[in-house]
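Next come the chains, spelled out residue by residue.
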Protein chains: 2
Amino acid sequence: MAGWTCRYKLLADGRRQIISFLLPGDVCELYVDIIHELDHSVAALTPASVARISSASLNSAMGQHPRLAQALIWERIVTAAIQREWTINLGQRSAFERVAHLLCELFVRLRGIGLVQNRRCELPLTQTDLADATGLSAIHINRTLQELRRQDLITLGGKELYIPKFKSLADAAGFNDKYLHIKYPNDESSNLR
Amino acid sequence: MAGWTCRYKLLADGRRQIISFLLPGDVCELYVDIIHELDHSVAALTPASVARISSASLNSAMGQHPRLAQALIWERIVTAAIQREWTINLGQRSAFERVAHLLCELFVRLRGIGLVQNRRCELPLTQTDLADATGLSAIHINRTLQELRRQDLITLGGKELYIPKFKSLADAAGFNDKYLHIKYPNDESSNLR
DNA sequence: CGAGAAGTTGAAGCGTGTCAAATGCAGTGG
DNA sequence: CCACTGCATTTGACACGCTTCAACTTCTCG
C-alpha cells in the first residue's frame, strides 16, 4: 500500500539478484496457498505498509465485482511482461542502456500511480540496489549514473529522480512503454517527452 | 503439442533475446483476447504442431473439470518462476554457470514430459540460439560448451544432449529444481544424479 | 560528535565480445 | 552422384566493458 519492496534471491556465495520492484498497489503473491513455499524472498527497501488478503475474502470480492477478477488477470499479464523485459535488459543491453531502461520503467510505473510530479519522483534505492537489479557492480552503477547526468538525461540525488526529457532517456534506453499496458489519467503516454 | 518454440524479442539494432523456450505441452498465451497485442514474438525452432483453444471451449472445459483451472494456475506459477530464474541467470551467473543452468532447466523440463531416456534428450538448438538465450556471443557459447565437455559434464552433438551425472552439472550451475515444482512419475527429483 | 553506510575515484585485471578466416555439414540442382 | 551453396561450428588474435581492489570522502542518524 505504501513504500518500496523488492523480490530478490541470494545465491550460495552471497551474490544477490533483485528480481523485481514492488511499488504501492502492486500484488505480491496471489497463490501462496497453492505453492506453499516461495522460491525467492521479498524485502522492504523503505518503511512499507502491506495488506494481507485471505483467499476467502478475495474470492468473495471477485464474486461480487467481476471486474476485479479481470483486473487481477491484467495485473498478472503486466507483471509477466515486466519480467520478460528484465530478461531482455540483462541479456542484451549495455550498462548504460540497462540503467536508463530501469529508470524509465520505474518512472512510468510511478507515474501510473500518481507518484510523479513535475517530472520528479522519489527513488529510494541505493546504488547497490540498482547494481543488484541490473546485474552490474555498484561501482559501475556509480559511473553509469555520472554519465547519464553528464548527458543531462537525469538528475539524481537525495533519493529524488528528475527526468527532464523523458523521450531522450527512453531513446537512449531503447525503452518502449507498450509492454506496461499503462493508461495514464488525463493524458496519453505519448505526452511524456 | 510437439516441437520446440521460443518467445523472443528483437531490438532495433538487430540484437535478439530469447525470453523462454516453449516445450511440448506448454501454454503459449491464455489471454490473447484481453491484451490484443503481444509485446514479443514467438517462433518455431523445429517443425512444431500447435493447438488453438477458443476461450469459449476453455471456459466450458474449466467449468466441467475444476482441476483444469487449478492446473492452469499452477502452469502460470511455474512459468513465472522460470522467468525469474532467467533473470537471475542473466544477472548474476558467469557464462559457464549460465549455460549449465539453462541445460539443467531444459533437461528437467523435458524429463517431466517424458522426453529424456537414459539421461539423453534431444536439444534442437543452434549455438546461436543458446547465445541469444543466455545473452552471450555464439563464439563464447562454443568455447563454454567445450569446457563443459572437457569437464565431462555433458556430451552434446548431433542435436542430442547427454548428461552423465546430473548432480555434478547442477552443482556447477547452482541449479536447484525446486522452482520448477515438477513431480516426476515413478521417482523423485533427488534420484537424478 | 562519532560511526557506519553510501557514494566517489583511480588503477589494474579479466571475462567476454568482436573480427576474420577456416572447417564441417546438409540440402539443392544439374 | 557430385559440385555447389549456405549455414553451423570451430579457432586464433585482439579489444574493451565491466569488475575488483583499495582508498578516500560525504552523508545520515543516534
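Scroll up for the structure.
Values in this document were obtained by computation on a predicted structure and should not be read as measured data.

### Some points on the overall build of chain A
Along chain A, the regular secondary structure elements total seven helices and six strands. A compact globule built from 193 residues would reach a C-alpha radius of gyration of about 16 Å, and chain A, at 17 Å, matches this within 12%. Here the C-alpha coordinates of chain A stretch approximately 55 × 50 × 30 Å along the principal axes. Taken over 193 residues, chain A has a buried fraction of 33%.

### With respect to the sheet that holds strand E4 (residues 120-122) of chain B
Residues and elements named next belong to chain B. Strand order in the open sheet formed by three strands is E4-E6-E5, and the pairing between neighbours is antiparallel. Here the strands that pair on one side only, and so sit at the sheet edges, are E4 and strand E5 (155-157). The mean inter-strand angle of the sheet, taken between neighbouring strand axes irrespective of direction, is 15 degrees. Bridge count for E5 against strand E6 (residues 160-162) is three bridges, and the pairing is antiparallel. Looking across to E6, one finds that threonine 155 is bridged to tyrosine 162.

### A closer look at the relation of the copies chain B and chain A
Least-squares fitting of chain B to chain A yields an RMSD of 0.0 Å, with the transformation described by 0.0 Å of translation along the axis and a rotation of 180 degrees. Expressed as an axis order, the relation between the two copies is that of a two-fold axis. In this assembly, 100% of the residues forming the interface of chain B have copies in chain A that are likewise at the interface, indicating an isologous arrangement.

### Topic: the sheet that holds strand E6 (residues 160-162) of chain A
In a beta sheet, neighbouring strands are held together by backbone hydrogen bonds and run either parallel or antiparallel to one another. Residues and elements named next belong to chain A. Read from one edge to the other, the open sheet built from three strands follows the order E4-E6-E5, with strand pairing classed as antiparallel. The open sheet terminates on both sides in strands that have one partner only, identified here as strand E4 (120-122) and strand E5 (155-157). Pairs of neighbouring strands in the sheet enclose a mean axial angle of 15 degrees, with direction left out of account. Examined bridge by bridge, E4 and E6 share three bridges and lie antiparallel to one another. What sits directly across from glutamate 122, in E6, is glutamate 160.

### A few points about helix H7 (residues 166-173) of chain A
All names here are of chain A. Restricting attention to buried positions, one finds in H7 the residues Phe166, Leu169, Ala170 and Ala173. Looking down the long axis of H7, one finds its buried residues gathered within 100 degrees of arc, a one-sided arrangement. Of the residues trailing H7, glycine 174 is marked for its positive phi of about 70 degrees.

### Some points on unusual backbone geometry
A negative phi angle characterises most non-glycine residues, just as the trans form characterises most peptide bonds. All names here are of chain A. We note that arginine 119 has phi near 60 degrees; this positive angle belongs to a residue other than glycine. Positionally, arginine 119 belongs in the loop between helix H4 (95-112) and E4. Of the residues examined, arginine 119 has 16 C-beta atoms within 10 Å and is grouped as partly exposed. For aspartate 152, which is not a glycine, the phi torsion comes out positive at approximately 55 degrees. If you trace the backbone, aspartate 152 turns up in the loop between helix H6 (138-150) and E5. Its 11 C-beta neighbours within 10 Å are what place aspartate 152 among the exposed residues.

### A word on the interface of chain B and chain A
With 30 residues of chain B in contact, the opposing surface of chain A contributes 30 residues. Mapped by element, the contributors of at least two residues to the side of chain B that touches chain A are strand E2 (16-22), helix H1 (32-35) and helix H3 (66-92) of chain B. Taken together, the residues that form the side of chain B that touches chain A break down as 15 nonpolar, nine polar and six charged.

### Topic: the environment of Asn118(A)
Residue and element names in this part refer to chain A. By secondary structure assignment, the location of asparagine 118 is in the loop between H4 and E4. Among the residues examined, asparagine 118 registers 6 C-beta atoms within 10 Å and is labelled exposed. Separated by 44 residues in the primary sequence, asparagine 118 and tyrosine 162 have C-alpha atoms spaced 8.4 Å apart.

### Topic: helix H3 (residues 66-92) of chain A
Look at H3(A): 40 Å from first C-alpha to last across 27 residues, which is about the 39 Å you get at 1.5 Å a residue. Within H3(A) the residues assigned to the buried category are Gln83(A), Arg84(A), Glu85(A), Trp86(A), Thr87(A), Ile88(A), Asn89(A), Leu90(A), Gly91(A) and Gln92(A). Where H3(A) is buried, its residues touch strand E2 (16-22) and H4 of chain A together with strand E1 (5-10), E2 and H3 of chain B.

### Looking at the protein's contact with DNA strand C
Close to DNA strand C lie 13 residues; Thr126(A), Gln127(A), Ala95(B), Ser137(B) and His140(B) are nearest. The dominant element in the surface near DNA strand C, judged by the number of residues it contributes, is H6(A), at four residues. Taken together, the residues that form the surface near DNA strand C break down as five nonpolar, eight polar and no charged.

### Some points on the protein's contact with DNA strand D
Taken together, 15 residues lie near DNA strand D, and Ala95(A), Ser137(A), His140(A), Thr126(B) and Gln127(B) sit nearest. Broken down by secondary-structure element, the contributors of at least two residues to the surface near DNA strand D are H6 of chain A together with helix H5 (127-134) and helix H6 (138-150) of chain B. Ranked by the residues each element gives to the surface near DNA strand D, the list is headed by H6(B), at five residues.

### Overview of the packing of helix H4 (residues 95-112) of chain B against H6(B)
Residue and element names in this part refer to chain B. Axis separation between H4 and H6 bottoms out at 10 Å; the angle between their running directions is 75 degrees. With respect to their mutual orientation, H4 and H6 come out roughly perpendicular. Counted together, Ala95, Phe96, Val99 and Ala100 of H4 and His140, Ile141, Thr144, Leu145, Glu147 and Leu148 of H6 form the full contact between these two elements. Classifying every residue of the contact of H4 with H6 gives seven nonpolar, two polar and one charged.

Parameters and conventions
Residues numbered from 1 in each chain as written. Chains lettered and ligands numbered in written order. Predicted model: local features only at pLDDT ≥ 70, side-chain atom pairs only at ≥ 80, totals over all residues. Helix = DSSP H or I, 4+ residues; strand = E, 2+ residues; numbered from the N terminus. Rg over C-alpha atoms; globule rule 2.2 N^0.38 Å. Buried ≥ 20, exposed ≤ 12 C-beta atoms within 10 Å, placed from the backbone. Pairing = 2+ DSSP bridges. Axes fitted to C-alpha atoms, helices over the stretch in contact; angles between N-to-C directions. Least-squares fit on C-alpha atoms with pLDDT ≥ 70 in both. Contact = placed C-beta atoms within 7 Å. Arc of directions from axis to C-beta. Nonpolar A, V, L, I, M, F, W, Y, C, P; charged D, E, K, R; others polar. Expected span 1.5 Å × (residues − 1). Near = placed C-beta within 6 Å. Parallel < 35°, antiparallel > 145°, perpendicular 65-115°, else oblique.

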